[in-house]
Amino acid sequence: MTFSKCRTPIIDEALEVINNYSNMDSKKNKGIDRREFIELSTKGVAAVSLFSLPIISSCGNSETTKTVFGACYHDCPDRCSWKVKTIDNKVTDFQASQNPYTAGKLCDKMVNFPNDVTFHSDRILTPLKRTGEKGKGEFAKISWKQAINEVATKLKSIINEKGGEAILPYSFGGNQGKVQSKVPNRFFAHIGASQLERTICGSAAVAGVLATNGQTTGVLPEDIIHSKFIVLWGTNPVLSNQHLWPFIQKAKENGATIVVVDPFKSQTAEKADWHIQPYPGTDTALALGLMHVILNENLHDQDYIDQYTVGIDELAEHVQKYDPVSVSQITGLEKETIILLAKTYAQSSPSLIRVLIGMEHQVNGSSAFRAVAMLPALTGSWRHFGGGLMHMTYELFGASLNWESINIPKELASKETRSINMIELGKALTSKDLNPGVDALFVFNSNPAVTTPNQNLILKGLEREDLLTIVSEHFMTDTARYADYVFPATSVLENWDILDSWGSTYININEPAIEPLGESKPNSELFRLLAREMGFSESYLYESDIDIVKNTLQSDHEYLKGITFESLRKTGGQRLNLPDKWMPHAQGNFKTKTGKCHFYDEDIEPSLPTYIPREYNKTDREKYPLHLLTIKTPKYLLNSSHANIDHIQKKEGKPYLEVNPNDASTRNIADGDELKVYNQRGRVFITARISNKVQRGIVCMPQGFWPSLLKGGSSANALTDHLLTDLGRGGAIQEAKVEIIKV
Ligand code: SF4
């Protein structure tokens, strides 16, 4: 960027600041930190505010300034919105917008997003074609024309020889914008590709809550301030639901007791009034034990049960075997703890249970949610404002947006093609039994070499010379290293989108702040180009991003009253128009087939939530005696995103394995020792941290680190298995057993 000599000094200074920021991707500027950036950009913005929109200087040069709203695309319940200012395609300011829920603050993962992703010097900005061995990350730049032509030709050849099902799309929450995550599905449905069961996260939890309540939308996030007894069950909002935490603190100021149920002493557990630490995977038994106490102590709400539930007799009989002594043996909790939790929960009003994802990743995961969701109906806590269950909010958007604009067209939805569960990717890529086998894998918004269980099996599949792997990405991820072709994806600052939320009540627009850098293109455009090259003419393959955004808002649903494309461009995000006092089940109104809360359902196997632990064979039990938890403890990574960014690596530090002092001493392990953690699927080298954050017999490893950046080339998912949960076909990744040894 060159500057005109006829600017005033203050404008020159400002633009120098802006220029520095825009070039922060260059090696020489890598040292700039967040504080320096804020100071610099404040100067810059102060000066920039002297002019607005295109400026014609006295020399006649023109510049374009722009301010737009966008929203965080990450798989996070908060869905922050932001305001971006630019001059001539350079970002000059990036701040949270004044969305009342996200309270003008982006989390540490995202505050430096333009520099960390959009302008990062490692970003992929041209199509790439593999030149070396798979996994070596050796590529040559090629033109879009060549890349589209070659990929289209290869896909057509696979379709002609084996049929569309030999092609497997693979995507998840790497970008939750509706356009950039959903539009590609039209292309895959059109070619008759295998369908991907996208169940790696949330699906077991949702299936469990739906079995009981018929919907997951219970208490809304802001209404937690009215609660007096809050149980955060398997969730760590201090880190992974950060904008809910101030509301929880407000409730505490109002007199609420905060309880955390978590086998790991998380950052939230450290701040809570009471931390209850059951063994991993025993939540179903604990919930049934609480119901045992509530019913036997006559602490239930008989009137609510009579009016709004079905199956109380079956439940009352069922929970008799979950007495406090038996549940104590299963969970490792004192029986007095179980009794006290049951009594204080049932006798507090309003009492609220907040669940999110944590306890779902076990073979018994869905049953746990199903059982926990029964507690508010048993105690009648739904009757009180701020009482009940808080889970997800996506159904509010499901009811109000125009989903015909987003989903695959009806004529394609009825096409029968096989489904492959994303958790079983390694199995699918290496199976000799699949017919047709997977000949092409098309990855976007995902990095399965890091995020999907059974990492070594996935890598073995990705090494297949006869597998065509195509990846749309920002960076050379551990998955992209195995690709035959890599397409440069736009970052969220460069494309249109619309973002609903699964954890808040705001709908957000994402307007591009800058033109796409280099040759990057949105996912949506990549699939339009492929469709054209493959000779398809159906109009649903060519709808523009902005039209999809506009059409998605074409709905006369009351929740969207006053929310339009134009209003969102002015505000960034707006809260849905929900009733003042949202109390969905104060008078029943469950969305089950009976309209009542289901304690018992003969159509589900088993008909009552039942604690059925995973069976390990004797040899495995003896060889791998420690239970491995792989959880979201990193502060700066979101799943696998940002793990490759230098300054984030420095701030995050290296990964540690939390080991209980008893397990460490029996293995002669000291704090800081280098360990090998291993089982039948793989091994990970990691440093020991001796702590009481985990109980004896349990070790805990963080998720998200890229294997290629760690010693030994493996990360947490090298140890996890591709087991499925009891309902919802989710991933039971917290069921791995390991042994550890000092190296
Ligand atoms: S990751 Fe979550 S908390 Fe952080 S900016 Fe995005 S939506 Fe907000």
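Residues numbered from 1 in each chain as written. Predicted model: local features only at pLDDT ≥ 70, side-chain atom pairs only at ≥ 80, totals over all residues. Heavy atoms only, no water.

Asker: Hey, could you go over the side chain of D500 for me, with residue numbers and the actual values?
Answerer: Looking at where D500 falls in the secondary structure, it is placed in the loop between β20 (497–499) and β21 (506–510). At 3.0 Å, the side chain of D500 forms a polar contact with the side chain of K178. (Helix = DSSP H or I, 4+ residues; strand = E, 2+ residues; numbered from the N terminus. Polar contact = N/O pair within 3.5 Å; in protein donor to acceptor, adjacent residues only side chain to side chain.)

Asker: Just give me the short version of the sheet that holds β20, but keep the residues and values in it.
Answerer: Strand order in the open sheet formed by three strands is β20-β21-β22, with antiparallel pairing between adjacent strands. At either margin of the open sheet sits one strand with a lone partner, and together these are β20 and β22 (573–575). Neighbouring strand axes in the sheet, compared pairwise and without regard to direction, differ in orientation by 15° on average. Relative to β22, β21 is paired through three bridges, and the arrangement is antiparallel. (Pairing = 2+ DSSP bridges. Axes fitted to C-alpha atoms, helices over the stretch in contact; angles between N-to-C directions.)

Asker: So what about the nonpolar core? Which residues, and what values?
Answerer: One finds W233, M291, L315, I353, L378 and F599 to be the most contacted residues of the largest nonpolar core, which totals 70 residues. Listed in part, the 33 residues of the second largest apolar core include L106, V117, I645 and F705. (Core = buried A, V, L, I, M, F, W, Y, C linked by side-chain atoms within 4.5 Å. Buried < 20%, exposed > 50% of the residue type's maximum accessible area, 1.4 Å probe, protein only.)

Asker: Describe the sheet that holds strand β24 (residues 626–631), naming the residues involved and giving the relevant values.
Answerer: Read around the closed barrel, six strands run β24-β28-β25-β27-β26-β29, paired in mixed fashion. On average, each strand axis in the sheet is inclined to that of its neighbour by 45°, with strand direction left out of account. With four bridges connecting them, strand β26 (residues 674–678) and strand β29 (residues 737–742) associate as antiparallel partners. Bridge pairing in β29 places L675 opposite K742.

Asker: Help me get a handle on the environment of H384, residues and values and all.
Answerer: Mapped onto the fold, H384 is located in the loop between α16 (375–379) and β15 (388–390). With 165 residues separating them along the chain, H384 and V219 place their C-alpha atoms 10 Å apart. Once residues within four sequence positions are removed from consideration, H384 is found in contact with S349, P350 and M583. (Contact = heavy atoms within 4.5 Å.)

Asker: Report on unusual backbone geometry, specifying residues and quantitative values.
Answerer: Omega for the bond connecting S349 with P350 falls within 30 degrees of zero, at -5°, which places this linkage in the cis form. Here the bond from E605 into P606 is cis, since omega is -5°, no more than 30 degrees from zero. Position of P606 relative to the elements: it lies in the loop between β23 (597–598) and α25 (618–623). Positioned with a positive phi, D88 is a non-glycine residue whose angle comes to about 50°. With respect to the element layout, D88 can be found in the loop between β4 (81–87) and β5 (90–96). For D88, a relative accessible area of 32% puts it in the partly exposed group. Backbone geometry places H642, a non-glycine residue, at a positive phi of 80°.

Asker: Outline the site of the ligand, listing residues and values.
Answerer: In the vicinity of the ligand, the contacting residues are C72, C76, D78, R79, C80, C107, M110, H243 and L638. Looking at the shell around the ligand residue by residue, the class counts come to six nonpolar, one polar and two charged. (Near = heavy atom within 4 Å. Nonpolar A, V, L, I, M, F, W, Y, C, P; charged D, E, K, R; others polar.)

Asker: Quick one: what's the story with the domain arrangement of the chain, residue by residue and with numbers?
Answerer: For the chain, the assigned domains read domain 1 (9–118), domain 2 (128–198 + 425–575), domain 3 (219–390) and domain 4 (618–742). Summarising the inter-unit geometry, the C-alpha centres of domain 2 and domain 4 are found 30 Å apart. Domain 2 puts 17 residues into the contact, and the matching count from domain 4 is 19 residues. Across the interface of domain 2 and domain 4, roughly 1,400 Å² is buried in total on both sides, 50% from carbon and sulfur atoms. Sorting the residues of domain 2 by area buried against domain 4 places P453, N454 and Q455 first, and these three jointly supply 34% of that buried surface. With its nearest N and O atoms 2.6 Å apart, the salt bridge here joins E197 to R729. Our enumeration of links across domain 2 and domain 4 arrives at eleven residue pairs in polar contact (both at pLDDT 80 or more). (Domains from an automatic or database assignment. Buried area = accessible area lost by both parts, 1.4 Å probe. Salt bridge = Lys/Arg side-chain N within 4 Å of Asp/Glu carboxyl O.)

Asker: Can you tell me about helix α23 (residues 545–552), naming the residues and giving the values?
Answerer: Among the residues making up α23, those that are buried are D545, I548, V549 and T552. Seen from one end, α23 has its buried residues packed into an arc of 100°, which puts them on one side. Of the surrounding secondary structure, the elements contacted by the buried residues of α23 are α5 (178–190), β20, β21, α22 (523–533) and α24 (565–571). (Arc of directions from axis to C-beta.)

Asker: Provide a residue-level description of the packing of aromatic side chains, including the pertinent values.
Answerer: The way to describe two aromatic rings as a pair is by their centre distance and the angle between their planes. Tallied over the full model, the rule gives 19 aromatic pairs. Between Y559 and W582 the ring centres are 6.4 Å apart and the planes differ by 70°, which places this aromatic pair in the edge-to-face class. Highlighted residues: Y559 in the loop between α23 and α24 and W582 in the loop between β22 and β23, separated in sequence by 23 residues. In this pair, the class of Y559 matches that of W582, namely buried. Put simply, the rings of F187, F188, F442, F444, F527 and F536 touch in pairs and so form one group of aromatic residues. Here K676 stacks its cationic end above the ring of Y678, 5.2 Å away from the centre of that ring. The ring of Y616 carries K737 above its face, with NZ or CZ at 4.9 Å from the centroid. (Phe/Tyr/Trp six-rings, centres within 6.5 Å; stacked < 30°, edge-to-face > 60°. Lys NZ or Arg CZ within 6 Å of the ring centre and 35° of its normal.)

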